[in-house]
Amino acid sequence: MQKNARSRTVIVFAALLFILIISFILNLCVGTVQVDMKKILEIFFTGTSDIKSRNIIMDIRLPRALMTLILGGGLAVSGFLLQTYFANPIAGPYILGISSGAKMTVALFLIFIVGRSGKSSSVLLVLTAFAGSIIATGFIILISNSVKNMASLLAAGIMIGYICSSVTDFLIAFADDSDIVNLHSWSQGSFSGADMKGALFCFFLVGITMVLVMLLSKSLDAFRLGENYARSVGVNVRVCRVAIILMSSILSACVTAYAGPVSFIGIAVPFLMRESLKSSKPIILIPASFMAGSIFCLLSDLLARRIFAPTELNISAVTSLFGAPIVIFMIIRRHRNREN
Amino acid sequence: MRIENLKAGYHKNVIIQDLSLELGKGEVLSLIGPNGGGKSTLLKSISGQIKPLGGTVFIGKDDIKHIPVKQLSKRMSIVTTERVRTQHMTCRDVVMAGRLPYSDSLGLFSKDDQSSAGRAMELMNIGDLADKSYEALSDGQKQRALIARAICQEPEYLIMDEPTSYLDIRHKLDLMDVVKKLSSEGVSIIMTLHEPQLALRISERVLMVRQDGSAECASPKEVIESGMIKELYGLTDEMYSFISKSFV
């Protein structure tokens with residue numbers, strides 16, 4: 001049996017890697033201008049005379065695909081961390097209103113700071129989104145201290161999401177037109193604005209956070225049996241809880257800062273990975289969720305770009321379409337398991 | 001282990017007053033008494049799950065408050081009464097969680113960890129359930145898995161809150177044998193029990209926790225001879241004569 005589990009893990013990881021590479025290549029090749037594989041290899045390795053293709057790949061598609069890959073993975077891991085924190089598989093940055101919190105502070109930032117001074121930077125944008133995430137998360141934690149019930153917690157999260165969204169709408173209503181243009185395209189949730197500088201910044205930030213998350217995996221492992229048992233096997237529960245919230249907020253803030261709120265990946269992907277690996281061990285679930293989140297996001301972005309091309313959908317429309325049914329399925333199954 | 005003037009309770013509400021006692025290596029101490037008397041509260045205060053409202057628990061020479069959690073995890077393990085909900089964990093996974101204090105920094109287990117968990121599962125008679133999903137186990141089997149988890153943590157002190165709950169009579173008696181074996185290997189055991197018969201049979205001393213929060217330590221012999229059980233649980237003569245038959 002243990003051998004079975006090991007070979008299952010190997011197969012799942014091999015499949016994930018394979019699909020990830022395919023989806024990445026697809027995102028580079030497919031578009032209004034089709035660029036075939038041979039040409040992409042030429043652009044990367046030997047240089048090509050076709051300047052137009054080269055510009056499309058290097059300035060538009062490659063940064064966008066990289067950004068999608070990094071942030072999609074980060075979002076899935078952020079969801080996984082929140083699920084561990086709240087001991088609840090339906091927790092995620094979008095559903096708990098954390099993404100909306102980040103969106104609200106970013107809107108404030110874009111309208112009042114960028115709108116007035118005309119200056120902006122990646123670091124500031126992410127910091128603002130991070131502040132919003134932490135504020136929203138703080139409220140959720142306050143509420144979760146007094147209500148232990150899972151459904152109430154989700155309801156509270158959704159309400160916080162609504163509150164933040166309505167504040168954002170108020171801001172938009174009173175903002176100048178020129179600020180709104182900027183804000184509107186961003187708040188739709190899209191990776192269309194990705195550039196290489198942003199992608200590199202995300203790569204380092206998400207990369208460092210992921211290393212820290214992996215280092216935390218032993219404590220996360222202990223949390224699987226609840227707080228008391230975690231403490232009894234040597235986990236400093238208070239420190240660990242703070243660390244989980246900080247990392248999860250950094251990851252979801254990154255996504256919201258660059259692409260706006262993206263729905264359901266945080267819940268659906270870790271769930272799918274637990275089911276395919278038949279395990280909840282963090283040390284394998286974290287990398288698996290990252291890869292699957294990247295795949296989910298890359299394919300969703302591809303669909304968002306192509307279904308009604310040249311009109312682009314926002315990415316949440318696609319991720320919700322596929323993610324929400326998965327979550328419904330998950331709730332029904334959980335309910336049924338409990339009854340049996 | 002030495003307990004000095006321990007006050008236990010929740011939110012300044014003292015339930016147990018000034019308890020002092022010493023526990024030797026390999027000693028078995030059972031806490032008995034009526035429901036709601038504060039046995040669990042006392043046990044949680046001793047193991048540090050809740051902060052004592054006063055007094056000190058010493059392990060060796062060290063105040064338990066000052067022992068880092070990592071070190072403490074290699075010296076003390078617990079079985080609680082809370083129901084554990086898991087996702088995709090096998091019975092083995094749950095037991096292996098007791099080896100986390102010994103695993104490497106990523107939580108990966110060595111051969112030693114595997115075999116230690118294996119031995120604990122054999123001891124608790126759940127070896128053949130190892131690869132079953134924990135959620136699919138019966139309540140009694142889950143309880144045995146949690147006890148196996150605490151055992152393979154290889155503690156000096158094993159602290160168990162109602163370890164016999166959910167167990168059928170056969171497994172209760174088996175558990176008493178396991179307790180005896182561990183104690184002979186030098187593990188000190190503190191547990192709450194709902195069955196005074198078992199407590200009197202297995203323990204070197206029993207701690208009777210009364211409804212009013214007073215607690216008194218005595219040897220099984222003293223308890224039986226003085227008929228303290230009757231007063232402790234508020235039994236009628238008829239009830240007492242019924243259960244006292246099993247004390248011998």
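Residues numbered from 1 in each chain as written. Chains lettered and ligands numbered in written order. Predicted model: local features only at pLDDT ≥ 70, side-chain atom pairs only at ≥ 80, totals over all residues.

A.B. asks: Give me the lowdown on the overall build of chain A, citing residues and values where you can.
C.D. replies: When helices and strands are tallied, chain A shows 14 helices and zero strands. Secondary structure elements in chain A, listed N-terminal to C-terminal, are α-α-α-α-α-α-α-α-α-α-α-α-α-α. Computed over its C-alpha atoms, the radius of gyration of chain A comes to 20 Å, within 12% of the 20 Å expected for a compact globule of 340 residues. For chain A, the spread of C-alpha atoms along the principal axes amounts to about 65 × 55 × 35 Å. Counting all 340 residues of chain A, 49% fall into the buried class. Across chain A, every contact between residues at least 6 apart in sequence was considered, and the portion connecting residues at least 24 apart equals 78%. (Helix = DSSP H or I, 4+ residues; strand = E, 2+ residues; numbered from the N terminus. Rg over C-alpha atoms; globule rule 2.2 N^0.38 Å. Buried ≥ 20, exposed ≤ 12 C-beta atoms within 10 Å, placed from the backbone. Contact = placed C-beta atoms within 7 Å.)

A.B. asks: Break down the sheet that holds strand E1 (residues 2–10) of chain B for me, with residues and values.
C.D. replies: Hydrogen bonds between backbone atoms are what pair the strands of a sheet, whose relative direction is either parallel or antiparallel. Residues and elements named next belong to chain B. Reading across from one edge, E2-E1-E4-E5 is the order of the four strands in this open sheet, with antiparallel pairing throughout. Among the strands making up the open sheet, the edge pair consists of strand E2 (13–22) and strand E5 (62–63). In this structure, strand E4 (residues 54–59) lies alongside E5, joined through two bridges in antiparallel fashion. Across the sheet, Phe58 pairs through a bridge with Asp63, a residue of E5. Along the sheet, helix H1 (residues 39–47) contacts E1, E2 and E4; its crossing angle with E1, the most-contacted strand, is approximately 125 degrees. (Pairing = 2+ DSSP bridges. Axes fitted to C-alpha atoms, helices over the stretch in contact; angles between N-to-C directions.)

A.B. asks: Now, about the interface of chain A and chain B: what can you tell me, with residues and values included?
C.D. replies: Counting residues at the interface gives 22 residues for chain A and 25 residues for chain B. Among the elements of the structure, helix H9 (217–223) and helix H10 (227–232) of chain A are those that each provide at least two residues to the side of chain A that touches chain B. Residue composition of the side of chain A that touches chain B, grouped by class: eight nonpolar, eight polar and six charged. (Nonpolar A, V, L, I, M, F, W, Y, C, P; charged D, E, K, R; others polar.)

A.B. asks: If you had to explain the sheet that holds strand E8 (residues 188–192) of chain B to someone new, which residues and values would you point to?
C.D. replies: Residue and element names in this part refer to chain B. Sheet architecture is open: six strands sit in the order E6-E7-E8-E3-E9-E10, paired in mixed fashion. With partners counted over all chains shown, the strands left at the sheet margins are strand E6 (76–79) and strand E10 (215–218), one partner each. Between one strand axis and the next, the sheet turns through 15 degrees on average, direction left out of account. Relative to E10, strand E9 (residues 205–209) runs antiparallel, the two sharing four bridges. Each residue of the ladder has a partner; that of Val206, found in E10, is Ala218. The strands that helix H5 (residues 139–152) touches are E6 and strand E7 (157–160); relative to E6, the one it contacts most, it runs at about 175 degrees. With respect to the sheet, helix H6 (residues 169–184) is in contact with strand E3 (28–32), E7 and E8, its orientation differing from that of E8 by roughly 150 degrees.

A.B. asks: Pulling in residues and values, what's your account of the confidence of the model for chain B?
C.D. replies: Here chain B averages 92 in pLDDT, and 100% of its residues register 70 or above. The ipTM assigned to the predicted complex is 0.91, against a pTM of 0.90. (pLDDT = per-residue confidence, 0-100.)

A.B. asks: Please set out the environment of His66 of chain B residue by residue, giving values where relevant.
C.D. replies: Along the polypeptide, His66 of chain B turns up in the loop between E5 and helix H2 (69–73). Residues His66 of chain B and Val223 of chain B lie 157 residues apart in sequence; the distance between their C-alpha atoms is 36 Å.

A.B. asks: Describe the packing of helix H5 (residues 122–146) of chain A against helix H11 (residues 237–259) of chain A, naming the residues involved and giving the relevant values.
C.D. replies: Residues and elements named next belong to chain A. Running from amino to carboxyl end, H5 crosses H11 at an angle of 130 degrees, the nearest separation of the two axes being 8 Å. Judged by the inter-axis angle, H5 sits oblique to H11. As H5 packs across H11, the resulting crossing turns out to be right-handed. On H11, the residues touching Leu125, Val126, Ala129, Phe130, Ser133, Ile134 and Thr137 of H5 are Ile245, Ser249, Ile250, Ser252, Ala253, Cys254, Thr256 and Ala257. (Parallel < 35°, antiparallel > 145°, perpendicular 65-115°, else oblique. Left-handed = near helix turned anticlockwise from the far one by under 90°.)

A.B. asks: Could you give me a rundown of the pairing of E1 of chain B, with the residues and numbers involved?
C.D. replies: Residues and elements named next belong to chain B. Sheet topology places E1 next to E2; six bridges connect them, and they run antiparallel. By the bridge assignment, Ile3 is partnered in E2 with Leu21. Remark: two residues form the turn of the hairpin made by E1 and E2, two consecutive strands paired antiparallel; His11 in that turn has positive phi of roughly 45 degrees. Where E1 and E4 come together, four bridges link them in antiparallel fashion. In the strand pairing of E4, Ile3 is matched with Val57.

A.B. asks: For unusual backbone geometry, give the residues involved together with the corresponding values.
C.D. replies: The residue Asp18 of chain B is not glycine, and still its phi comes out positive at about 30 degrees. The residue Asp18 of chain B is located in strand E2 in this model.

A.B. asks: Which residues make up the environment of Ile265 of chain A, and what values go with them?
C.D. replies: All names here are of chain A. Its place among the elements puts Ile265 in helix H12 (residues 265–277). Among the residues examined, Ile265 registers 33 C-beta atoms within 10 Å and is labelled buried. Placed 51 residues apart in sequence, Ile265 and Ser316 show a C-alpha to C-alpha distance of 9.3 Å. Beyond its immediate stretch of four places on either side in the chain, Ile265 contacts Gly72, Leu75, Ala76, Gly79, Gly293, Phe296, Cys297, Thr319 and Gly323.

A.B. asks: Residue-level account of helix H1 (residues 2–29) of chain A, with values.
C.D. replies: Residues and elements named next belong to chain A. Relative to the 40 Å expected for 28 residues at 1.5 Å per residue, H1 spans 41 Å between its end C-alpha atoms, a close match to the ideal helical length. Those residues of H1 that sit buried are Leu16, Ser23, Asn27 and Leu28. Summarising the contacts, the buried residues of H1 are in contact with helix H2 (37–46), helix H3 (51–86) and helix H13 (282–306). (Expected span 1.5 Å × (residues − 1).)

A.B. asks: I'd like a description of the nonpolar core, backed by residues and values.
C.D. replies: If you look at the biggest cluster of nonpolar residues, it comprises 164 residues, and the most contacted ones within it are Leu71, Cys202 and Cys254 of chain A together with Val95 and Ala148 of chain B. It is H3 of chain A that provides the largest number of residues to this core, a total of 16 residues. Residues within four places of Cys202 of chain A in sequence aside, it is in contact with Met67, Ile70, Leu71, Cys254 and Tyr258 of chain A. (Core = buried A, V, L, I, M, F, W, Y, C linked by C-beta atoms within 7 Å.)

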